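Per-entry structural report
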Amino acid sequence: MINLERSKSSEKELLKEKYLLLKGEYVKLLTDKDCLLEWGKPQLEALYTVKIGIKQLELLELRMEVKRLKKMTELAVACLNRNEPVDWSKIEKTVDMGLEKDYEKILTEASRVAQANNLLSNLASPERSVELRKLYRSLAKELHPDVNPDLTESQKKLWHAVRRAYEHGDLESLRALSVMAQDIESNADKLSDDDFHLQIELLKAGIEKLMVEIEHIHSEFPFNIEKELRNEEWVKKQNEQTEALIEQASEQKAKYEERLDLLKSL
């Protein structure tokens, strides 16, 4: 009888160990995914905007001006062909109204450039970032709803506070929350053998799903050009291509300005 009890106890300990290992792996992947989406993606997008997007914004502004001048020219020529006087004020108002969406797009891109500069200039030090992710991962093991379905209301509130602190890079708050979470009782000791088997299978399925999701994230922008973004030669080449297009747009703009000046002199 004693040997049987020891055997059952030993089996349960093995199940518990396997469960905790899988739980740790699941939480690691879960926090890796969060890190990619909430830290990596915004930073890479900001890096792309600062290194390449500024030139693209310049091109966008020039192309909109060319579009504006072209439309003004067409409306003025149409008036002259009908032997009507050219109302330049009315033409400018009509064209500007038609370009409202273009103006909004430029304002959005300009705002993105400003936000990117602000983000990159206020990045946490590597040491703070490492500690932040380490604390978040540790707290997720005990508080993340995906691996702790029986959280109390106070634990749920604590998890929401952890999420807010992590999303805002608030290391000091996360340190304080870590102290608060130290008294949380582990649910693993309460599980039966059947519960362990079920949780183990659920964690295995969850791990496979997360691995697929993380692989998909890495295949999409901006992660799919991360290596290139850190290659100054590649960045230089991209900007040179954009500068060539800017030169073409500048030439078009000058031609339309010259033609408009001629039409206004008639």
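Read on for a plain summary of the structure. What you see is a predicted model, and the numbers here were worked out from it, not measured in a lab.

**Observations concerning the environment of Leu 44**
Of note, Leu 44 is situated in helix H1 (residues 2-81). Considering only alpha carbons, one finds Leu 44 and Glu 226, 182 residues apart in sequence, at a separation of 7.1 Å. Ignoring anything within four residues of it in the chain, the contact list for Leu 44 reads Pro 222, Phe 223, Glu 226, Leu 229 and Arg 230.

**Regarding the packing of helix H2 (residues 88-98) against helix H3 (residues 100-121)**
How two helices sit against one another is set out by the angle between their axes and by the gap between those axes. Put simply, H2 and H3 touch, their axes get as near as 4 Å, and they point 60° apart. On the basis of the axis angle, H2 is oblique to H3. Each of Asp 96, Met 97 and Gly 98 in H2 lies in contact with H3, whose residues at this interface are Glu 100, Asp 102 and Tyr 103. Class assignment for the residues of the contact of H2 with H3 results in 2 nonpolar, 1 polar and 3 charged.

**Thoughts on the pattern of salt bridges**
What the rule picks out here adds up to 23 salt bridges. The shortest N-O distance in the salt bridge between Arg 137 and Asp 32 comes to 2.7 Å. Taken together, the residues span a long stretch of sequence, with Arg 137 in helix H4 (residues 126-143) and Asp 32 in helix H1 at a distance of 105 residues. Using a relative accessible area of 22% as the deciding quantity, one classes Asp 32 as partly exposed.

**Details of the side chain of Asp 34**
Within the secondary structure, Asp 34 is located in helix H1. The class for Asp 34 is buried, based on a relative accessible area of 12%. Polar side-chain contacts of Asp 34 include one of 2.7 Å to the side chain of Tyr 136.

Conventions used here
Residues numbered from 1 in each chain as written. Predicted model: local features only at pLDDT ≥ 70, side-chain atom pairs only at ≥ 80, totals over all residues. Heavy atoms only, no water. Helix = DSSP H or I, 4+ residues; strand = E, 2+ residues; numbered from the N terminus. Contact = heavy atoms within 4.5 Å. Axes fitted to C-alpha atoms, helices over the stretch in contact; angles between N-to-C directions. Parallel < 35°, antiparallel > 145°, perpendicular 65-115°, else oblique. Nonpolar A, V, L, I, M, F, W, Y, C, P; charged D, E, K, R; others polar. Salt bridge = Lys/Arg side-chain N within 4 Å of Asp/Glu carboxyl O. Buried < 20%, exposed > 50% of the residue type's maximum accessible area, 1.4 Å probe, protein only. Polar contact = N/O pair within 3.5 Å; in protein donor to acceptor, adjacent residues only side chain to side chain.

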